[in-house]
Amino acid sequence: MKIVGPGDAKEGFLGSIGVRFMIDGSEAGERFSLVEHAMSPRALAAPLHLHTREDEYSFVLEGRMGALLGDDVVEAGPGDLVFKPRNQWHTFWNAGDEPCRILEIISPAGFEHFFAELVALGGVLQATQEEVAELNQRYGLEMRPETVPELIERFGLRMGEPLGGGWTPAAL
């Protein structure tokens with residue numbers, strides 16, 4: 001049994017959004033891992049990308065999450081789940097002017113280590129292109145960094161700023 005409170009997990013910054021490591025794959029028999037992503041207002045999470053090894057499930061805790069899933073643009077709010085299957089081009093962002101937090105279930109586990117390594121490199125804005133390319137190759141990630149300017153323009157986004165402190169539920 002494990003309880004992860006708002007201040008209990010290691011946090012890092014990926015270069016535009018945060019990551020909080022909640023359940024590592026080794027704790028779940030490598031079946032899944034669980035991270036939280038905190039996104040500042042209008043923050044683009046990543047360029048258009050595709051996972052070849054894992055599916056991702058984004059459960060919105062607060063705020064509005066936008067996503068491009070193939071050719072479909074969707075927006076999700078608190079309590080909504082967005083399924084991002086492997087081998088589908090996608091990206092996501094904070095679609096609102098308030099912070100957004102999502103729980104990201106990754107199945108099977110393993111990709112949480114990509115996030116940890118990227119944090120250790122200082123995030124995507126500090127890492128070299130070669131370091132990011134090597135990470136992408138090792139983790140079966142295809143990425144299209146050239147899509148960032150178009151995504152920023154099309155959806156009114158920006159590169160985000162760190163949000164920390166874990167997720168605290170709103171008072172009822």
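Before any of the text, the structure's been laid out above.
Draft legend 1. Focus on the overall build of the protein. Counting its regular elements, the protein contains 3 helices and 13 strands. Radius of gyration (C-alpha) of the protein: 15 Å, near the 16 Å computed for a compact globule of 172 residues. Across its three principal directions, the C-alpha atoms of the protein cover 40 × 35 × 30 Å. Buried residues in the protein amount to 47% of all 172 residues. Of the contacts made within the protein by residues no fewer than 6 positions apart, 70% connect residues no fewer than 24 positions apart. Accessible surface, the protein as shown: approximately 8,500 Å² in total, 55% of it carbon and sulfur. Taken together, the 14 basic and 27 acidic charged side chains of the protein have centroids lying 2 Å from each other.

Draft legend 2. Summary view of the pattern of salt bridges. Enumeration over the complete set of coordinates arrives at 11 salt bridges. Among the ionic pairs, glutamate 117 bridges to arginine 138, the shortest N-O distance being 2.4 Å. Of this pair, glutamate 117 sits in helix α1 (residues 112-120) while arginine 138 sits in helix α2 (residues 129-138), and the two are 21 residues apart along the sequence. The class for glutamate 117 is partly exposed, based on a relative accessible area of 27%. By relative accessible area, arginine 138 is classed as partly exposed at 37%.

Draft legend 3. Quick peek at the environment of leucine 163. By the element assignment, leucine 163 lies in the segment after β13 (158-159). By relative accessible area, which is 27% here, leucine 163 ends up partly exposed. For the pair leucine 163 and leucine 68, spaced 95 residues apart in sequence, the C-alpha separation works out to 23 Å. Residues contacting leucine 163, with those up to four places away along its chain left out, are Ala38, Met39, Ser40, Pro99 and Arg101.

Draft legend 4. Structural view of the packing of aromatic side chains. With the rule as written, the count across this model stands at 7 aromatic pairs. Arranged with centres 4.9 Å apart and planes meeting at 15 degrees, the rings of tyrosine 57 and phenylalanine 83 form a pair that is stacked. On the criterion of sequence distance, the pair formed by tyrosine 57 in strand β6 (residues 55-62) and phenylalanine 83 in strand β9 (residues 81-84) is long-range, its members being 26 residues apart. Given a relative accessible area of 24%, tyrosine 57 falls into the partly exposed group. On the numbers, 6.2 Å between centres and 90 degrees between planes, the contact of phenylalanine 111 with tyrosine 139 is edge-to-face. Residue phenylalanine 111 is found in the loop between β11 (100-107) and α1, and its partner tyrosine 139 is found in the loop between α2 and β12 (141-144); the two are separated by 28 residues along the sequence. Of the aromatic side chains, those joined through ring pairs into one cluster are Phe111, Phe114, Phe115 and Tyr139. The ring of phenylalanine 92 is capped by lysine 84, whose NZ or CZ atom sits 3.9 Å from the centre of that ring. One residue, arginine 144, lies across the ring of tryptophan 89, its end atom 3.8 Å from the ring centre.

Calculation rules
- Residues numbered from 1 in each chain as written.
- Predicted model: local features only at pLDDT ≥ 70, side-chain atom pairs only at ≥ 80, totals over all residues.
- Heavy atoms only, no water.
- Helix = DSSP H or I, 4+ residues; strand = E, 2+ residues; numbered from the N terminus.
- Rg over C-alpha atoms; globule rule 2.2 N^0.38 Å.
- Buried < 20%, exposed > 50% of the residue type's maximum accessible area, 1.4 Å probe, protein only.
- Contact = heavy atoms within 4.5 Å.
- Areas by Shrake-Rupley, 256 points an atom, 1.4 Å probe, with all protein chains shown as cover.
- Lys, Arg positive; Asp, Glu negative; His and termini not counted.
- Charge placed at Lys NZ, Arg CZ, Asp CG, Glu CD.
- Salt bridge = Lys/Arg side-chain N within 4 Å of Asp/Glu carboxyl O.
- Phe/Tyr/Trp six-rings, centres within 6.5 Å; stacked < 30°, edge-to-face > 60°.
- Lys NZ or Arg CZ within 6 Å of the ring centre and 35° of its normal.

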